[in-house]
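Take a look at the letters that make up each chain.
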Amino acid sequence: MEGLLKVIFPFLSTTKNYDQVLRKLASFAFYEGYILTLMLRSVPRIDTFFTRMEVWGPIGKVLSLIPHHTGYNISGIVIGFAIAILTHMFQFHDRISDMVGIRRQFDRKNFLIPMAAHVGIRITPEKDKRLREQRDRLMQAVFYRYASSRDEAPLVDKHYIEHALNAWSWLWVFVEGAAYWSTAAIIAWWFGDARLALWLAFVAIIAVIIGIFQRLRLPGFARPQVEAILRDQKAANEVERVFRAL
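Residues numbered from 1 in each chain as written. Predicted model: local features only at pLDDT ≥ 70, side-chain atom pairs only at ≥ 80, totals over all residues. Heavy atoms only, no water.

**As for the overall build of the protein**
Worth spelling out the cut-off: By the criteria applied, helices consist of DSSP H or I runs no shorter than four residues and strands consist of E runs no shorter than two, each listed in order from the N terminus. Exposed residues in this analysis have more than 50% of their type's maximum accessible area, buried residues have under 20%, and partly exposed residues fall in between, with area computed by a 1.4 Å probe over protein chains only. In what follows, a contact means two residues having at least one pair of non-hydrogen atoms within 4.5 Å. Accessible surface area values rest on a Shrake-Rupley calculation with a 1.4 Å probe, where residue burial reflects the displayed protein chains alone.
Scanning the protein for helices and strands turns up 13 helices and zero strands. If you list the helices and strands of the protein from N to C, you get α-α-α-α-α-α-α-α-α-α-α-α-α. Counting across all 246 residues of the protein, residues that qualify as buried make up 43%. The contacts of the protein with a sequence gap of at least 6 include a subset with a gap of at least 24, amounting to 73%. As presented, the protein carries roughly 14,500 Å² of accessible surface, and 64% of it is formed by carbon and sulfur atoms.

Printed below as a string of structure tokens:
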């Protein structure tokens, strides 16, 4: 029951591991897909298209068994589910992050460079180039092995890990939301409803602004995790070894 409620009301749930982050994003994707479809149906040509889909052949026969089905925006439900499945399957937030460098820049600035500096490693231009090229491997070697939400007893206190995951999950909610609302704005504009397109674009801009402010909060969640790793002498020695071999 608790898991179902978290899916239905994702904005009320906290995330304790990456799987829960993905479920939260999928839930938001469903609701946003449904709402955006409902709004786009105010455009006559779009509404006509969806209405024809809902009464077409076997689909229409099945839906006709549902009382008052025309008021449920069935197309929106189907599209919402499709978006939720696809965003979960392809980890849409990661694809956006790869495009604009959200994690790439954050990991370098808030994890890798500070950790290297703490263990006495100077990041020369040559080392910095290798650091950028090997970011994923380095993050696994010096950070995730000590701060994984999947470990029963990670070196970093789970309190820090869970708070960071929850903060990142909200950033991804706004990042993905900006993409959905922007896409809907383009569709509305393409079908000739400039006013609706303007409102949808306005919401997308608001999502971007909130996402920027949320991004500014994230270093505060990274710092105590880094400090916890480097306080442990064995971990600090391993971190030094990894960076010296870079």
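**Let's talk about the packing of helix H7 (residues 102-118) against helix H9 (residues 135-144)**
Operational definition: Between the N-to-C directions of two axes lies an angle of 0 to 180 degrees, each axis being a line fitted to C-alpha atoms and, for a helix, fitted only over the stretch in contact. Orientation is classified from the angle alone, with under 35 degrees giving roughly parallel, over 145 giving roughly antiparallel, 65 to 115 giving roughly perpendicular, and any other angle giving oblique. Crossing handedness: left-handed means the near helix sits turned counterclockwise from the far one by under a right angle, and right-handed means the same turn made clockwise.
Across the interface, H7 lies against H9 with an axial gap of 11 Å and an inter-helix angle of 50 degrees. Taken together, the axis directions place H7 and H9 in an arrangement best described as oblique. For H7 against H9, the interelement crossing comes out left-handed. Of H9, the residues touching H7 (which contributes Arg 103, Arg 104, Asp 107, Phe 111, Leu 112 and Met 115) are Arg 135, Leu 138, Met 139, Val 142, Phe 143 and Tyr 144.

**Some points on helix H2 (residues 18-40)**
Test applied: Between the first and last residue of a helix there are one fewer steps than residues, each counted as 1.5 Å, and that sum is the expected span. Side-chain atoms alone can form a polar contact between residues adjacent in sequence; in general such a contact is a pair of N or O atoms within 3.5 Å, and within protein one must be able to donate a hydrogen while the other accepts it.
In this model H2 runs 32 Å from its N-terminal to its C-terminal C-alpha over 23 residues, within 8% of the 33 Å that 1.5 Å per residue would give. A distance of 3.1 Å separates the backbone nitrogen of Asp 19 from a side-chain oxygen at the start of H2, and that oxygen is part of Asn 17.

**Some thoughts on the layout of surface pockets**
Where empty space is left in the structure can be found by rolling a water-sized probe over the atoms. In plain terms, the rule: Only protein atoms enter the calculation, which uses a 1 Å grid: trapped sets of points that fit a 1.4 Å probe without letting it out are cavities, open sets showing protein on both sides within 12 Å along at least five of seven lines are pockets, and any residue with an atom within 4 Å of a point is a lining residue. Grid points are joined across faces, edges and corners, and a volume is the space filled by probe spheres set on the points.
If you add up the space inside the largest pocket, you get close to 730 Å³. Along the walls of the largest pocket sit 31 residues, with Tyr 18, Asp 94, Arg 103, Tyr 144 and Leu 165 positioned nearest its centre. Among the elements of the structure, H2, helix H6 (92-100), H7, H9, helix H10 (158-190) and helix H12 (219-231) are those that each provide at least two residues to the lining of the largest pocket. Counting residues per element, the lining of the largest pocket draws most heavily on H9, at six residues.

**Observations concerning the packing of aromatic side chains**
We count it as follows: Aromatic pairs are defined between Phe, Tyr and Trp rings, using the six-membered ring for Trp, whenever the two ring centres lie within 6.5 Å; interplanar angles under 30 degrees are classed as stacked, those over 60 as edge-to-face, and all others as tilted. For a Lys NZ or an Arg CZ to count as sitting over a ring, it must be within 6 Å of the ring centre and within 35 degrees of the ring normal.
For the structure on display, the rule yields twelve aromatic pairs. Geometrically, the ring pair formed by Phe 30 and Tyr 31 is edge-to-face, given 5.5 Å between the ring centres and 65 degrees between the ring planes. Connected via pairs of aromatic rings, a cluster forms that spans Phe 106, Phe 111, Phe 143, Tyr 144, Trp 168 and Trp 172. Over the face of the ring belonging to Trp 168 we find Arg 103, whose NZ or CZ atom lies 4.3 Å from the ring centre.

**What to know about the pattern of salt bridges**
Short version of the rule: We define a salt bridge as a contact between a side-chain nitrogen of Lys or Arg and a carboxyl oxygen of Asp or Glu at a distance within 4 Å.
For the structure shown, the criterion picks out twelve salt bridges. For Arg 130, the salt bridge goes to Glu 126, with nearest N and O atoms at 2.8 Å. On the criterion of helical spacing, the pair formed by Arg 130 and Glu 126 is a turn pair, its members being four residues apart in helix H8 (residues 125-133). The partner of Arg 135 in a salt bridge is Asp 136, with the nearest N and O atoms 3.4 Å apart. The exposed category is assigned to Asp 136, whose relative accessible area is 56%. Overlapping salt bridges bring together Arg 103, Asp 107, Arg 135 and Asp 136 as one network.

**Thoughts on the nonpolar core**
One broad rule of soluble globular proteins: the nonpolar side chains tend to lie buried together. Put simply, the test is: In this description, a nonpolar core means a group of buried Ala, Val, Leu, Ile, Met, Phe, Trp, Tyr and Cys residues linked to one another through side-chain atoms lying within 4.5 Å.
Ranked by size, the top nonpolar core spans 42 residues in total, and within it Met 115, Val 142, Trp 172, Ile 229, Val 239 and Phe 243 carry the most contacts. Elements represented by at least two residues in this core include exactly H2, H7, H9, H10, H12 and helix H13 (233-244). Counting residues per element, this core draws most heavily on H10, which supplies nine residues. Leave out the neighbours within four places in its chain, and Val 142 touches Leu 112, Met 115, Ile 229, Val 239, Val 242 and Phe 243. Core analysis: the next-biggest nonpolar cluster, separate from the first, contains 15 residues, Ala 29, Val 43, Ala 185 and Ala 204 among them.

**Looking at H8**
Applied cut-off: This arc describes the spread of directions from the helix axis toward the C-beta atoms.
For H8, every residue scored as buried is listed here: Lys 127, Asp 128 and Leu 131. One side of H8 holds all its buried residues, which, seen down the axis, span an arc of 100 degrees. Exposed side chains of H8 directed beyond 90 degrees from the buried face belong to Pro 125, Glu 126, Lys 129 and Glu 133. Looking at the buried residues of H8, the elements they touch are H7, H9 and H13.

Everything listed here is a matter of coordinates, which is why it stays silent on function.
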